[in-house]
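Notes for the structure review
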Amino acid sequence: MEPADATSIQMPGSALWIFGYGSLVWKPDFEFTTSRVGFIQGYSRKFWQGDTFHRGSDEMPGRVVTLHEDYDACTWGVGYEVRGEQIEASLEYLNIRESVLGGYITKLVNFYPQDGQEEDAVLALVFIATPFNPIYLGPAPEEDIAAQIIVSSGRSGHNIEYLLRLADFMRFFCPEAEDKHLFQVEEALVSILPCLYSPDDPMSLLC
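Residues numbered from 1 in each chain as written. Predicted model: local features only at pLDDT ≥ 70, side-chain atom pairs only at ≥ 80, totals over all residues. Heavy atoms only, no water.

**Some details on the packing of helix α2 (residues 142–150) against helix α4 (residues 180–192)**
The contact between α2 and α4 brings their axes to 8 Å, and the two run at 65 degrees. As α2 packs across α4, the resulting crossing turns out to be right-handed. Each of Glu 142, Glu 143, Ile 145, Ala 146, Ala 147, Ile 149 and Ile 150 in α2 lies in contact with α4, whose residues at this interface are His 181, Gln 184, Val 185, Ala 188, Leu 189 and Ile 192. Per-class residue counts for the contact of α2 with α4 are 9 nonpolar, 2 polar and 2 charged. (Axes fitted to C-alpha atoms, helices over the stretch in contact; angles between N-to-C directions. Helix = DSSP H or I, 4+ residues; strand = E, 2+ residues; numbered from the N terminus. Left-handed = near helix turned anticlockwise from the far one by under 90°. Contact = heavy atoms within 4.5 Å. Nonpolar A, V, L, I, M, F, W, Y, C, P; charged D, E, K, R; others polar.)

Below, the structure written as structure tokens:
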């Protein structure tokens, strides 16, 4: 399956919501009008996608997150509202970052803001890597995923940074939400590198 071109998405009106659940939560790198923490339902976040550009290389692919259909689950992240000229610019940028370089396709999902009611849900664009792309790695034990993350880095930085920033986002912005897989991978990584980890400074692993 060829990755969908995000620039071909047609949305009614003058606004578009984009849901980020990986590096987009701390590094959107496109102009937006509003951002809100929230969640989508029916998906769980998994370190099942390979990365040979941003957090890895052809020789040593990194592990980044994608969404796995899971009826009982929800995934927390950040919704970005883009309007007017921001729409075309953000989609052109994300098409390269997520689809061309990352192997992700696009879907439309209901996004539920953290500070809203169920009726406040908005339709949002989300990028999902499926098993049909050539760098999809699929399931693996959390210990194996952590071991792969430890030795991988790419043009956007070390794969460890990606994992820790995502875990920190969940702790600081969604403290009551569950993300068992994410924190099990983080725990496995810390168990491999205990001498480099400080609970007071999680990013010390990168020093």
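**Considerations on the nonpolar core**
Membership of the largest hydrophobic core comes to 51 residues, with the highest contact counts inside it found for Phe 47 and Ile 149. Setting aside anything within four residues of it in sequence, one finds Ile 149 in contact with Phe 47, Arg 63, His 158, Asn 159, Ile 160, Leu 163, Val 185 and Leu 189. (Core = buried A, V, L, I, M, F, W, Y, C linked by side-chain atoms within 4.5 Å. Buried < 20%, exposed > 50% of the residue type's maximum accessible area, 1.4 Å probe, protein only.)

**A closer look at the environment of Asn 110**
Relative to the assigned elements, Asn 110 resides in strand β4 (residues 105–113). Taking the relative accessible area as the measure of exposure, Asn 110 reaches 41% and is therefore partly exposed. Taking the C-alpha atoms as reference points, Asn 110 and Leu 125, separated by 15 residues in sequence, lie 8.8 Å from one another. Each residue touching Asn 110, except ones within four places of it in the same chain, is listed here: Phe 39, Ile 40, Gln 41, Val 122 and Leu 123.

Read these as layout, nothing more, since geometry by itself doesn't imply function.
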